[in-house]
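So you can see what is in the structure, the chains are spelled out below.
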Amino acid sequence: MSYTTPEKVAKLCNFDAADIQNEWINWVDAWIDKHLGTTFVEKQITELYDVEQYTRSIILVHFPVIELIEVIDNYNSTSPTTLSFDETDIYNSNVLLYKDDGVLEVNSNSLSSLVSSYFSVGQKNLKVSYKYGHLEIPVTVSMLATYVVGKIAAYPSNENFESISIDNFKVSFGNVKIKFFNEQIEELISALTEEMPFQVL
């Protein structure tokens, strides 16, 4: 699912939907994710983490977390251990997960068997598979995507759209339509900075 559609861009920005390229929309989705440090669609990922001595918790690279799929401790050894996780029964879970912050922690109150109170030491020794992102796309994000795609469509030479940055959003090229998009985009970026628990880079 993309943050906007050709039809939304056409309606809001006064273009023909047939002139809006999916390549632009895909690029804008990635651009927004990069600058906000999260994604607003569900994505699944598997990561390997280095573990130092006496490590009880790690912060996952991506959050908020939607679902924890698998955690394997001592992954690089001959005897890796799959750690249990059940958010409805923490006493039988080897790990706890704080979804909003992406913190994965050894559960010291677990009644389930676990070799240690810490993750096992080693490089790339903890394997975590999980889904992250947001289940709904905020209106502000959808509007931002729509206006950024609209600005790309309004560029005199829109094949160079990948060179767009926060800074050159302020450049109007003497184009009234682009100037309008600049104003809308700056307002939306400002609003997102206030709405989100993280900062626009």
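Analysis parameters
Residues numbered from 1 in each chain as written. Predicted model: local features only at pLDDT ≥ 70, side-chain atom pairs only at ≥ 80, totals over all residues. Heavy atoms only, no water. Patch = residues over 30% accessible without salt bridge, like charges linked within 9 Å, V, L, I, M, F, W, Y side chains within 5 Å. Areas by Shrake-Rupley, 256 points an atom, 1.4 Å probe, with all protein chains shown as cover. Salt bridge = Lys/Arg side-chain N within 4 Å of Asp/Glu carboxyl O. Helix = DSSP H or I, 4+ residues; strand = E, 2+ residues; numbered from the N terminus. Contact = heavy atoms within 4.5 Å. Buried < 20%, exposed > 50% of the residue type's maximum accessible area, 1.4 Å probe, protein only.

Another aspect to go through is a nonpolar patch on the surface. On the surface, a cluster of nonpolar side chains totalling about 250 Å² of accessible area is made up of Leu12, Val139 and Met143. Within the secondary structure, Leu12 sits in helix 1 (residues 6-13).

Bringing the side chain of Asp33 into the picture now. Summarising the element assignment, Asp33 is placed in helix 2 (residues 22-36). The contact partners of Asp33, leaving out residues within four places of it in the chain, are Tyr3, Thr38, Thr39, Phe40 and Lys43.

For the peptide bond that leads from Phe63 to Pro64, omega is 5 degrees, which places it in the cis range. Along the chain, Pro64 falls in the loop between strand 2 (57-59) and strand 3 (65-73). Residues other than glycine seldom take positive phi values, yet Tyr54 does so here, at roughly 60 degrees. By secondary structure assignment, the location of Tyr54 is in the loop between strand 1 (43-51) and strand 2. The phi angle at Asn74 is positive, at roughly 55 degrees, despite the residue not being glycine. Considering the arrangement of structural elements, one finds Asn74 in the loop between strand 3 and strand 4 (81-83). Given the relative accessible area of 21%, Asn74 is considered partly exposed.

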